Amino acid sequence: MKKMITIVGARPQFIKVAPVSRVLRQTYQELLVNTGQHYDFNMSGVFFEELQIPRPDYNLEVGSHTHGKQTGMMLGAIEEILMKEKPDGVLVYGDTNSTLAGALAASKLHIPLFHIEAGLRSYNRQMPEEINRVMTDHLSNLLFAPTERAVHNLALENIKHNVRLSGDVMYDAVRYNYELARSKFDVSNLGQSKGSYYLCTIHRAENTDQPTRLKAIINSLFGLEIPVLLPLHPRTHKILKGLGLMEEIHKHKHIKLMEPVSYLEMIILEMEAKGIITDSGGVQKEAYFAKVPCFTLRDETEWEETVETGWNTLVNPLTMDLNKVMNQKRMSSYKDDLYGNGHASQQIVSQLDAFFG
Ligand code: UD1
Ligand code: UDP
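Residues numbered from 1 in each chain as written. Chains lettered and ligands numbered in written order. Predicted model: local features only at pLDDT ≥ 70, side-chain atom pairs only at ≥ 80, totals over all residues. Heavy atoms only, no water.

A. Quick peek at the state of the cysteines. Scanning the entire structure with this criterion turns up zero disulfides. In this structure Cys200 is not part of a disulfide, and its nearest cysteine sulfur, from Cys294, lies 10 Å away. Cys200 sits in the buried class, given a relative accessible area of 0%. A relative accessible area of 1% places Cys294 in the buried class. (Disulfide = S-S within 2.5 Å. Buried < 20%, exposed > 50% of the residue type's maximum accessible area, 1.4 Å probe, protein only.)

B. Layout of the site of ligand 2. Around ligand 2 there are 19 residues in total, and Arg204, Val261, Ser280, Gly282 and Glu286 lie nearest to it. For ligand 2, an oxygen atom lies 2.8 Å from a polar atom in the backbone of Gly282. Within the contact set of ligand 2, an oxygen atom lies 2.5 Å away from a side-chain nitrogen or oxygen of Glu286. Look at ligand 2: alone it shows 530 Å² of surface, and the protein chains cover 95% of it. (Near = heavy atom within 4 Å. Polar contact = N/O pair within 3.5 Å; in protein donor to acceptor, adjacent residues only side chain to side chain. Areas by Shrake-Rupley, 256 points an atom, 1.4 Å probe, with all protein chains shown as cover.)

C. How the structure looks around the packing of aromatic side chains. Tallied over the full model, the rule gives 12 aromatic pairs. Summarising the aromatic geometry, the rings of Tyr28 and Phe356 are spaced 6.2 Å apart at their centres and angled 50 degrees between planes, so their arrangement reads as tilted. In this pair, Tyr28 sits in the loop between helix 1 (11–24) and strand 2 (29–34) while Phe356 sits in helix 16 (residues 344–356), placing the two residues 328 residues apart along the sequence. The buried category is assigned to Tyr28, whose relative accessible area is 5%. With a centroid separation of 4.9 Å and an interplanar angle of 40 degrees, the aromatic rings of Tyr171 and Phe289 are classed as tilted. One end of the pair, Tyr171, is in helix 7 (residues 169–184); the other, Phe289, is in helix 13 (residues 281–289), with 118 residues separating them in the sequence. In this pair, the class of Tyr171 matches that of Phe289, namely buried. Each member of the aromatic cluster is reached from another via a ring pair, and the members are Tyr171, Tyr288, Phe289, Trp303, Trp311, Tyr334 and Tyr339. Positioned over the ring face of Tyr171 is Arg175, at 5.7 Å from the centre of the ring. Directly above the aromatic system of Tyr334 lies the positively charged group of Lys291, at a separation of 4.5 Å from the ring centroid. (Phe/Tyr/Trp six-rings, centres within 6.5 Å; stacked < 30°, edge-to-face > 60°. Helix = DSSP H or I, 4+ residues; strand = E, 2+ residues; numbered from the N terminus. Lys NZ or Arg CZ within 6 Å of the ring centre and 35° of its normal.)

D. Inspection of the packing of helix 4 (residues 97–108) against helix 5 (residues 128–139) at higher detail. Remark: helix 4 packs on helix 5, axes separated minimally by 9 Å, with the N-to-C direction vectors making an angle of 25 degrees. One way to sum up the angle between helix 4 and helix 5 is to call them roughly parallel. The way helix 4 lies across helix 5 gives a crossing that is left-handed. Taking contact as the criterion, the partners of Asn97, Thr99, Leu100, Ala103, Leu104 and Ser107 in helix 4 are, on helix 5, Asn132, Met135, Thr136 and Leu139. Each residue belonging to the contact of helix 4 with helix 5 can be placed in one class, and the counts come to five nonpolar, five polar and no charged. (Axes fitted to C-alpha atoms, helices over the stretch in contact; angles between N-to-C directions. Parallel < 35°, antiparallel > 145°, perpendicular 65-115°, else oblique. Left-handed = near helix turned anticlockwise from the far one by under 90°. Contact = heavy atoms within 4.5 Å. Nonpolar A, V, L, I, M, F, W, Y, C, P; charged D, E, K, R; others polar.)

E. Molecular detail of the sheet that holds strand 7 (residues 163–165). The strand order across the open sheet formed by seven strands is 3-2-1-4-5-6-7, and the pairing between neighbours is parallel. Each of the sheet's edge strands pairs with one partner strand only, and the pair in question is strand 3 (58–59) and strand 7. Sheet topology places strand 1 (residues 3–8) next to strand 4 (residues 89–93); four bridges connect them, and they run parallel. Bridge assignment links Ile7 to a residue of strand 4, and that residue is Val92. Those strands touched by helix 4 are strand 1, strand 4 and strand 5 (113–116), and its axis lies near 160 degrees from that of strand 4. (Pairing = 2+ DSSP bridges.)

F. Here's a closer look at the pattern of salt bridges. Scanning the model with the defined rule gives 20 salt bridges in all. A salt bridge links Glu272 to Lys194; the shortest N-O distance between them is 4.0 Å. Note that Glu272 is positioned in helix 12 (residues 263–272) and Lys194 in the loop between helix 7 and strand 8 (198–201), a separation of 78 residues in sequence. Among the residues examined, Lys194 registers a relative accessible area of 60% and is labelled exposed. Three or more residues joined by partner-sharing salt bridges are found here, namely Asp95, Glu130, Arg133, Glu206, Arg298, Glu300 and Glu302. (Salt bridge = Lys/Arg side-chain N within 4 Å of Asp/Glu carboxyl O.)

G. Seen up close, the site of ligand 1. The environment of ligand 1 is made up of 19 residues, and the closest members are His38, Glu129, His203, Arg235 and Lys238. Contact between ligand 1 and Asn97: an oxygen atom at 2.8 Å from a main-chain N or O atom of the residue. Arg235 places a polar side-chain atom, nitrogen or oxygen, 2.6 Å from an oxygen atom of ligand 1. Protein burial of ligand 1: of its 750 Å² of free accessible surface, 89% is covered by the chains. Broken down by secondary-structure element, the contributors of at least two residues to the shell around ligand 1 are helix 5 and helix 10 (234–242). Tallying contributions element by element places helix 10 first for the shell around ligand 1, with three residues. Among the residues forming the shell around ligand 1, the class breakdown is five nonpolar, eight polar and six charged.

Taken by themselves, the reported measurements are silent on function.
What follows is the structure in structure tokens.
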């Protein structure tokens, strides 16, 4: 049996690893490494419990640091594990510092590297994620692209032969968990009903680290006419507190501040929302799966298909009136297979089988 080491560490990676591990473990020995990039219970532990993710074999407990230090600490610790365990391959997800650390450690030791969610590009090198993606893609031995566009992006960088169009494992996750989520959560518990509120998440550095931009986002939420559920990422919470903005937010009663919610609760909140305002990559796609209009607080997106089909609108909070944009009528077309058929995990594991021959 081949031995695979999977490296995760941040919230979206816990969500992505759940469906893949379930399939992978049928025929592979998988060891799970959790870098500990995210560590609060509601950013980490809750997903392990709720999604029945196997207990990590290694917890690195790296925590929060500057980019270089965080990535470096992970790199050293992952290298030690890889040298001890001598796996046949290393699996990394997405574009976080945990992804890059795993990719560097594996490739320096000449261990085959597999990248799930390869080929995403914003073409904005100011984003730490863009650096992580480009580096990881160029180091990978097999690249699992979720969309046709991702395959195309890789081809533009001359990465062609080791690319596999797999579909998106986040679509697998939603399909697998939908019934369970429905049985557990109901927005009436929050005093809401279908379409009675907007859902908002904000955490991307380009929004949180520029006070004028963050203030503009918060001001635009103040101007909305129905409740806004705002499960706050700890990064954003800390920055808003530091800017002294929390008191003002509390004064606007239609802004419903929440701790980060669990995945099952989140997918129900998304499905029942009138609209979703976000800068999250994963949430943009989930809005599309839920057929809920999405308003993305960014100047570009890696998930262009959602914009082309009309379900997603890019909003610059400094120059555009969010309320006005949200009330504009837009035409939308829906393609069921934009992100695969909900069996990306199976597709990935069969391609791994083929790789190992
Ligand atoms: C990271 C990823 C980003 C991803 C996001 C998902 C990188 C460069 N960024 O961004 O791509 O979209 O995760 O959520 O890897 N914090 C806590 N508790 C936690 C986790 C974080 O308080 O459990 C706070 C700390 O103050 C920390 C800050 O949030 O400094 C940022 O965390 P970090 O993991 O560095 O980046 P994210 O913004 O979460
Ligand atoms: N998510 C969650 N609870 C929250 C906010 C987000 O479970 O309070 C989920 C969301 O449903 C999606 C994933 O986290 O599956 C997206 O992760 P995040 O926004 O942190 O990162 P990104 O996708 O931007 O890298």
